[in-house]
Amino acid sequence: MGILKDTFKIDYVKKLTNKSGEDIEKTSNWDQYNALASLVREYLTSDWVNTNDRYNEKKSKQVYYFSIEFLTGRFLLNNLVGIGIKNIVEKGLKELGFDLEEIISVEKDQGLGNGGLGRLAAGFLDSMAALSIPGHGCGIRYNYGLFEQKIIDGYQVEFPDAWLKDRNVWEIKKLDKAVEVHFYGDVRIDSNGKYYLENTSPVLAVPYDTPIVGYKNDVVNTLRLWSAQVINKEFDFSKFSRGEYMNAFKKKYDVESISQVLYPNDSYDEGKILRLKQEYFFVSAGVQGIIRSFKKMGIPINKIYDYVSIHINDTHPAMAIAELMRIFIDIEDLSWEEAWDITLKVCSYTNHTILSEALECWHVGIFKELLPRIFMIIEEINRRFCKDLFDIYNKDQNKVNDMAIISDGIIRMAYLAIVGSHSVNGVAKLHTEILKNKELHDFYTIFPAKFNNKTNGITHRRWLLNANPDLSNVITKYIGDYWVKDALNLRELIKYIDDEKFQDEIEIVKQKNKDALADYILEHNGIKVNTKSIFDVHAKRLHEYKRQTLNILHVMFLYNKLLKNPDLDFVPRTFIFAAKAAPSYYIAKQTIKLINTVGDKINNDKRIKDKIKVVFLENYSVSLAEILIPATDVSEQISTTTKEASGTGNMKFMMNGAVTIATLDGANVEIHEEVGTDNIVLFGLTEEEVYELYEKHEYNTQAIIDEDPRLKEVLDQLKNGFLSEDKELFQIIYDSLVYNDEYFVLKDFDSYVKAHERIENYYLDRERWLKMCIINIAHSGVFSSDKTILEYASGIWEAQRVPK
Ligand code: 26W
């Protein structure tokens, strides 16, 4: 949409005055943000309406991406760029005395996700809109997103994320589109074998729609987030008048708690009934909404698979399979066989982790009580599946039990997702191979055609164009701006690999971003970092398999080295950590304390003359990542091989010219394939070596420690008072390493140390380093989520692009 600067200025002044009731000079930053965001939302609304009309007119196949998390971050800048008015708005605001960047920073992040899974979902929505694919998100409108993290005395302390406190300008409440979701109750079967769910506790699911703006293509898709509300009586007045105040509001509280808060676990299934309620709540609301709008098209329900795809993002929305069956059989009177055939064609599933503790298993007891009809349907799906297995495996009951969806009083949601979907994909080549050959091998054997790989991607519009405008301008200066439309075009940069001017400009941009980050660190951590040092960044959720512990043990080793020889020739390093730990994950929280304790000791030790600084950035989020990633020299992707399904941060750092120090895990393998061994720094156990260690059960931590005095020294320092007079403080970390080391931290220590020595050598060779940066940027287009989504659309959803 085109708009003139002066028109914008008039519109904005009117909006700001109306919304604030003040002269524009007296308005607050929030007023200025609220007015601008409201205006932008109005500007895009006609495209939003037209997009939906176009999809309905053309009866296009629509994709519904079901995810219990959407980590979208901020919208304003992305929407300004998407509708193509960022520059005129920036100029117009300046002329009115306002600063766009300042206004943008007012917006609260929409932090409705934990990490990789939620952020991937948000990037996929952006790519579907940019590619004019009719793709919509379906999730939960949590009143509280991922907790706000404060570091107090080195410890993580969690605070509620009251992101809706100042009203969310982007969403539109669609009360007329509300549906009822039924919990508890009994199932009655009438004489015709028709099922009825009765005596339920219904909840009203109210949708809030947020526009997902395409990139300069007038396409606006929808993110529909459902909120739980009581159906009628807000509270029980009779109880109230009897003074039973809490009781009077109990029902309201119980209902609204369903969409109250995001569970802050990133890879650990707590199995709480409220979580099960959340999962069924948005799945039932979403599926009912889809079938309602489909039926308006007047096409027979048994053809719905030609018009609707439902994607199940990990197992959390897996009940969509049973919910479709419930509606097809109980409401639409289809036969089981026909309903099942349609459901398989409609549903597809993505697996995001092999960690056993992350795989959802619900106890039959609580499941049956909360969802009696859904349980009956899963029981029947399981019965029919086990019957097939019995035939396939010649009556081998053990095999049947191993693969059964319901077994030993447990419902295995991953198995339901696989059996009920026509496609099962992993999120990186190595991960998908591990699913096929190990974790889900039995299912791969009987459903080979279902299994496929879709390597993750990131939206280069947010993570390069918007987060790193200076680098984007340099790129466009040399190869034009076609890369914004097609990120593979970044490959053209290779032509300038030897161009010193280009190298200089890449270095200047990185330095400018590092200076900006240094200002942020000084303001938020009160630490003055050396902007000429190597900015080495480890930013992701805190988890033992991601091995932040390996990183900090290496830092302690470097510190010891400098203490022994302060005049050592040493390239100054700034080690930056950013990570939230799940509140119930004790050793993860102790690791945050360890990082901050080591940091305090090193940062205040004059003997090492600031050669090392350690910084823990609190409250890691999408918006902080947008400042941190462009300023990074070294990207830490050091998970124990086979544990990180893909990683997506690795791709963001690569795209912003950082050099990756990596294990051959997840998508690091494909980054290596792209840039070659000279442009990534690999270390550690390979997949084969990891599985060999598992098979042999002869992993001997003491032997490794005895052979490596560097390692012995840092491990002893965890409990000998070197770091804290409370020698017990890090005992749990010491014990987990010395007596278990599940993630082979000790085994990979030596090669990790050597990898960092290579980093230092490469960094000292300025031209070599800059070439490594350029090659990583140039090859990063392969990891655009546009490419990933085109593969989903053609290989799984059979969805077409429907441009204006
Ligand atoms: C039930 C608790 C729970 C919550 C979230 C279990 C598992 C999850 C997610 C699947 C964990 C997650 O975010 N996995 C990450 O997904 C990314 C996107 O595919 C991958 O890039 C990461 O490697 C993977 O860890």
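Model, not experiment: these values are computed from the prediction. (Residues numbered from 1 in each chain as written. Predicted model: local features only at pLDDT ≥ 70, side-chain atom pairs only at ≥ 80, totals over all residues. Heavy atoms only, no water.)

### Let's talk about the site of the ligand
Rules: The near set for a molecule or strand comprises every residue that places at least one heavy atom within 4 Å of it. Polar contact is the term for a pair of N or O atoms within 3.5 Å; when the atoms are in protein, one must be able to donate a hydrogen and the other to accept it, and sequence-neighboring residues count only if both atoms are side-chain atoms. For the area figures, the Shrake-Rupley method with a 1.4 Å probe applies, and any residue is considered shielded solely by the protein chains shown. Segments assigned H or I by DSSP are reported as helices when at least four residues long, segments assigned E as strands when at least two residues long, and all are numbered from the N terminus. Ten residue types, Ala, Val, Leu, Ile, Met, Phe, Trp, Tyr, Cys and Pro, are classed as nonpolar, four, Asp, Glu, Lys and Arg, as charged, and the remainder, Gly among them, as polar.
Taken together, 21 residues lie around the ligand, and Asp266, His352, Asn456, Glu644 and Gly647 are the ones closest in. Within the side chain of Asn456, one N or O atom sits 2.8 Å away from an oxygen atom of the ligand. A distance of 3.0 Å separates an oxygen atom of the ligand from a polar atom in the backbone of Ser646. If the ligand stood free it would expose 570 Å²; the protein chains cover 97% of that surface. Considering each element in turn, the shell around the ligand owes the most residues, three residues, to helix 6 (residues 116-130). Residue classes in the shell around the ligand are distributed as seven nonpolar, nine polar and five charged.

### Details of the pattern of salt bridges
Definition in use: Criterion for a salt bridge: a side-chain nitrogen of Lys or Arg within 4 Å of a carboxyl oxygen of Asp or Glu.
Evaluated as defined, the whole model comprises 58 salt bridges. In this structure, Glu791 engages Lys787 in a salt bridge whose closest nitrogen and oxygen atoms are separated by 3.1 Å. Taken as a pair, Glu791 and Lys787 lie in helix 33 (residues 785-797) at a separation of four residues, close to a single helical turn. Salt bridges here are not isolated pairs; linked through shared partners, they connect Glu337, Glu380, Arg383 and Arg384.

### Observations concerning the UniProt feature "modified residue: N6-(pyridoxal phosphate)lysine" (unreviewed entry) in the protein
This is how the line gets drawn: UniProt positions are given in the numbering used here, feature names are shortened, and annotations may be inferred rather than shown by experiment. What makes two residues a contact is simply this: any of their non-hydrogen atoms within 4.5 Å.
Taking the UniProt record as the reference, the feature "modified residue: N6-(pyridoxal phosphate)lysine" (unreviewed entry) is found at Lys652. As for its placement among the helices and strands, Lys652 is situated in helix 25 (residues 649-655). Residues within four places of Lys652 in sequence aside, it is in contact with Arg119, Ile458, Trp463 and Ile629.

### Things to note about the domain arrangement of the protein
Inclusion rule: Domain delimitation in this document rests on an assignment produced automatically or drawn from a domain database. Take the accessible area each of two parts loses on contact, using a 1.4 Å probe, and add the two losses: that sum is the buried area.
Each assigned domain of the protein is listed here: domain 1 (1-56 + 80-101), domain 2 (58-73 + 109-456 + 789-797) and domain 3 (510-783). With 21 residues of domain 1 at the interface, the matching set in domain 2 holds 25 residues. By the criterion of area lost to domain 2, the three top residues of domain 1 are Arg41, Trp48 and Tyr55, representing 37% of everything that side buries. At the junction of domain 1 and domain 2, the tally comes to zero salt bridges. Along the contact surface separating domain 1 from domain 2 lie 14 residue pairs in polar contact (both at pLDDT 80 or more). For the side of domain 1 that touches domain 2, the secondary-structure elements that each account for two or more residues are helix 2 (29-57) and helix 3 (76-82). Looking at the side of domain 1 that touches domain 2 element by element, the count peaks at 15 residues for helix 2. Each residue belonging to the side of domain 1 that touches domain 2 can be placed in one class, and the counts come to ten nonpolar, seven polar and four charged.

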